[in-house]
Amino acid sequence: MTGIPAIVSPSEIAQWDRETDIVVIGQGVAGTCAALEAHRAGADVLIIERASGGGGASAMSSGIFYLGGGTAVQQAAGYDDPPEELAKFLLASCDPLDPNAAIAFANDCKDHFDWLEAQGVPFERTYFGGKAVWLDDTTCLMWTGNEKAWPYREAARPAPRGHKVAGVGENAGAAGMKPLLERCEAEGIAAIYDSAVVALVQDADGRVVGVKVKQSGGELFVRARRGVIVACGSHNMCEPLIKQHIPLLSETSEPLGIPSNDGAGVRLGLSAGAHAVAMDGVIPTASIYPPGQLIKGIVVNRNGERFVSEDVYHGRLGNFVMEQPGQTAYLIVDSEIFAYPENPFAKHTLVDGWETVEEMEAGLGLPAGSLVQTMRTYNEGAHEGVDRRFHKHLDWIKPLDKGPYAAFDISFDKSHYLFITLGGIKTDAEGRALDLHSNTIPGLYVVGASAAHIPRNGKSYASGLSLGPGSYFGRRAGRHAAGANWTS
C-alpha cells in the first residue's frame with residue numbers, strides 16, 4: 001500500500017461478497033487476542049491476514065511481554081510489584097498519551113498474565129538478574145527497561161517486568177504465538193490469508209462498515225456489522241513515513257520488522273479521519289552490553305562530555321547517541337573492565353588503546369582538556385560510590401583509573417543501529433480510533449503496533465511494551481467491538 005487509500009462509500013458497492021460482525025485486519029498478537037475475545041463475546045469474526053499464515057512480527061520478536069502488578073512469575077522470583085508501582089513507573093517513564101489507559105493496563109496486568117497462560121502461552125518461573133537484550137534460553141523474568149535508572153527508580157519501586165515466553169533465541173516470540181493461533185483454529189474463528197485490506201468502507205455518517213480486500217484472484221468487499229479492528233503492524237518498513245518523521249536515522253540504521261510492516265494500519269486509519277501521533281517515536285538499538293561490565297564504562301560525545309547514564313535501557317542510550325553533535329559517541333573503558341562488545345548486530349569497533357587519558361583525548365580528537373575533566377569528575381564521585389552527574393546505579397559504578405584505556409566507536413552513523421517505530425493512530429483504552437480532537441471514529445478500532453504505544457519514544461521504552469500492551473488492548477478492543485463489557 002502506498003499513500004493514503006481512498007475511502008470507499010457503500011453506494012459504490014454493488015454487492016457485498018461476505019458479511020461478518022467484526023473484521024480483524026492482521027493476525028499478530030494484538031489481532032489474535034482481539035479475535036479471540038470478540039468471538040468469545042458472541043461475535044462472528046473474520047481475520048484477514050496478508051501473509052500465508054498468522055503470527056506476524058510478534059512471532060519474529062524476542063517474545064518479551066512487559067507485565068507487572070504481581071504476576072506469578074514475579075512472586076516466584078521474590079518480587080512484590082503492586083499495580084500502583086507499575087502505574088507510577090509507566091506514568092513517570094513513558095509520559096503516556098492516555099494516562100488512564102496506562103493505569104488500566106497496570107491494574108489489569110496480573111489478570112492479563114493469567115489469561116495469557118490460560119491460552120497456553122508458556123512462561124517459566126525463572127529469573128535472570130543481569131543485563132541482556134534477549135536470552136538464548138527459556139528463562140522468563142528479566143529487567144528490560146529503565147526501572148533501576150534515575151530518576152525512575154525514585155518515582156517507583158524497581159521491579160523486573162520483562163516476561164519472556166519459554167522459547168529459545170532472538171525469535172522466541174513464535175513460542176508465544178503458536179498457542180494463540182491454535183486457539184483461534186480450535187474455536188473455529190474464520191480467517192483468510194494472502195489477502196490485503198487496501199481500503200476501508202465508510203458511510204455518510206462517518207462509520208466504518210467494511211473493507212476492500214485485494215487477493216491474487218481479484219478484489220472482494222467484506223461488510224463488518226459491528227466494527228473493523230486494524231492490527232496490521234508498524235511502519236518500520238515504510239520509507240516515506242520514516243524520512244518524513246524520523247530524519248535523524250542514518251544510512252547505517254536498519255528497520256527491524258517484516259515486509260508487511262509498511263504502515264498499512266496507519267494509512268488505513270488516516271483515510272477514515274483518525275489522527276496519527278508520536279510518529280517521531282523510534283527505538284534505535286545497538287546495545288553496548290553484553291558483557292555487563294561495559295556498563296561500568298562511560299559514554300562521551302565528540303565534545304568529550306557524558307550525556308546520559310550508561311545503565312539505561314539500550315533504546316534510551318541509542319536515542320541520545322542519535323541526537324549528539326555529529327551523532328558521534330565513544331564508550332570509554334579502563335583495563336579492569338575491558339572487553340569487546342558481544343552484541344552481534346551492533347558492530348561497535350575498537351578505536352585504539354592508550355596509556356593515559358590525555359593520550360586518549362588527543363587520539364579521539366576531542367577538545368583539549370575535555371575528556372580529562374570528564375574522567376576526573378566521574379572518578380571523584382565513583383571513588384565515593386556515586387555518579388553526581390547522571391546518578392548511575394551503584395551496581396555499575398567504579399573508578400576508571402586502571403590504565404591503559406580503550407575507546408569503542410558507538411557513533412550512530414558508524415555502528416549498526418536496528419530500529420523499531422513507535423508512533424501510530426491515536427486511540428482510547430478500548431482501542432477506538434480517535435480523530436485530532438479525540439472524537440471516536442465509529443466502527444474503527446486500532447491496536448498493536450498500528451496504534452501509538454504507551455511510550456512516546458525509545459527513551460521511554462522497555463522491551464515488552466509492544467507484546468504486553470498490544471495483547472491487552474487487543475483483548476479490550478475485541479470485547480468492546482462485540483458489545484461486551486471489559487473484564488480482565
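Above this text you will find the structure in question.
Residues numbered from 1 in each chain as written. Predicted model: local features only at pLDDT ≥ 70, side-chain atom pairs only at ≥ 80, totals over all residues. Heavy atoms only, no water.

A. Expanded view of the side chain of Arg306. The residue Arg306 is located in the loop between β13 (298–300) and α10 (314–322) in this model. According to the relative accessible area criterion, Arg306 is buried, its value standing at 6%. Sequence-distant contacts of Arg306, defined by excluding residues within four places in its chain, comprise Ile298, Val299, Val300, Thr374, Tyr378, Asp387, Arg389, Phe390 and Lys392. (Helix = DSSP H or I, 4+ residues; strand = E, 2+ residues; numbered from the N terminus. Buried < 20%, exposed > 50% of the residue type's maximum accessible area, 1.4 Å probe, protein only. Contact = heavy atoms within 4.5 Å.)

B. Here's a closer look at the pairing of strand β12 (residues 282–285). Residues of β12 alternate between two faces, with Val282 and Pro284 on one and Ile283 and Thr285 on the opposite face, all of them buried. As paired elements, β12 and strand β17 (residues 418–421) share 4 bridges and run antiparallel to each other. The residue bridging Val282 from the neighbouring strand is Thr421, located in β17. (Pairing = 2+ DSSP bridges.)

C. Fine view of the packing of helix α5 (residues 99–118) against helix α13 (residues 467–481). Following both chains from N to C, one finds α5 and α13 inclined at 90°, their axes separated by 10 Å at the closest point. Considering the angle they form, α5 stands roughly perpendicular to α13. For the pair α5 and α13, contact is made by Ala101, Ala104, Phe105, Asp108, His112, Trp115 and Leu116 and by Gly468, Pro469, Ser471, Tyr472, Phe473, Arg475 and Arg476, respectively. When grouped by side-chain class, the residues that make up the contact of α5 with α13 number 8 nonpolar, 3 polar and 3 charged. (Axes fitted to C-alpha atoms, helices over the stretch in contact; angles between N-to-C directions. Parallel < 35°, antiparallel > 145°, perpendicular 65-115°, else oblique. Nonpolar A, V, L, I, M, F, W, Y, C, P; charged D, E, K, R; others polar.)

D. Geometry of the sheet that holds β13. Spatially, β13-β14-β16-β15 is the arrangement adopted by the 4 strands of the open sheet, whose pairing is antiparallel. At either end of the open sheet lies a strand with only one pairing partner, and these are β13 and β15 (349–354). Within this sheet the neighbouring strands show an average axis-to-axis angle of 25°, counted without direction. The pairing of β15 with strand β16 (residues 405–409) spans 5 bridges and is classified as antiparallel. The residue of β16 that forms the bridge with Gly353 is Ala406.

E. Structural detail: the environment of Asn261. Following the sequence through the fold, Asn261 ends up in the loop between β10 (254–255) and α9 (264–271). Taking the relative accessible area as the measure of exposure, Asn261 reaches 4% and is therefore buried. Sequence separation between Asn261 and Cys238 is 23 residues, and the spatial gap between their C-alpha atoms is 7.2 Å. Those residues in contact with Asn261 that sit more than four places away from it in its chain are Ala57, Gly233, Ser234, His235, Asn236, Met237 and Cys238.

F. Inspection of the packing of helix α4 (residues 83–94) against α5 at higher detail. It is at 8 Å that the axes of α4 and α5 come closest, and there the two elements cross at 150°. Relative to α5, the element α4 lies roughly antiparallel. The hand of the α4/α5 crossing is right-handed. Across the interface between the two elements, Pro83, Leu86, Ala87, Leu90 and Leu91 from α4 touch Pro99, Ala102, Ile103, Phe105, Ala106, Asn107 and Cys109 from α5. (Left-handed = near helix turned anticlockwise from the far one by under 90°.)

G. Here's a closer look at the nonpolar core. Formed by 62 residues in total, the largest nonpolar core has its most connected members in Ile22, Phe65, Leu90, Phe105, Phe123, Leu180 and Ile229. Among the secondary structure elements, those contributing two or more residues to this core are β1 (18–25), α1 (29–40), β2 (45–48), β3 (64–66), α4, α5, α7 (173–186) and α13. When residues of this core are assigned to their parent elements, the largest contribution, 9 residues, is made by α5. Those residues in contact with Phe123 that lie beyond four places of it in its chain are Phe65, Val73, Phe113, Leu116, Glu117, Cys140, His163, Lys164 and Val165. Of all hydrophobic cores here, the second largest spans 50 residues; its members include Ala149, Phe307, Tyr330 and Leu366. (Core = buried A, V, L, I, M, F, W, Y, C linked by side-chain atoms within 4.5 Å.)

H. Layout of the packing of aromatic side chains. This structure, assessed with the given rule, holds 16 aromatic pairs. Geometrically, the ring pair formed by Phe113 and Phe123 is tilted, given 5.1 Å between the ring centres and 45° between the ring planes. You can see Phe113 sitting in helix α5 and its partner Phe123 sitting in the loop between α5 and β4 (141–142), a full 10 residues away along the chain. The pair Phe113 / Phe123 is uniform in exposure class, with both members buried. Taking the centre distance of 5.3 Å and the plane angle of 80° together, the rings of Phe338 and Tyr340 count as edge-to-face. Overall, the relative accessible area of 32% leaves Phe338 in the partly exposed class. Connected via pairs of aromatic rings, a cluster forms that spans Phe105, Tyr472, Phe473 and Trp486. Positioned over the ring face of Trp143 is Lys148, at 4.3 Å from the centre of the ring. The ring of Phe320 has Lys459 lying over it, and the distance from NZ or CZ to the ring centre is 4.2 Å. (Phe/Tyr/Trp six-rings, centres within 6.5 Å; stacked < 30°, edge-to-face > 60°. Lys NZ or Arg CZ within 6 Å of the ring centre and 35° of its normal.)

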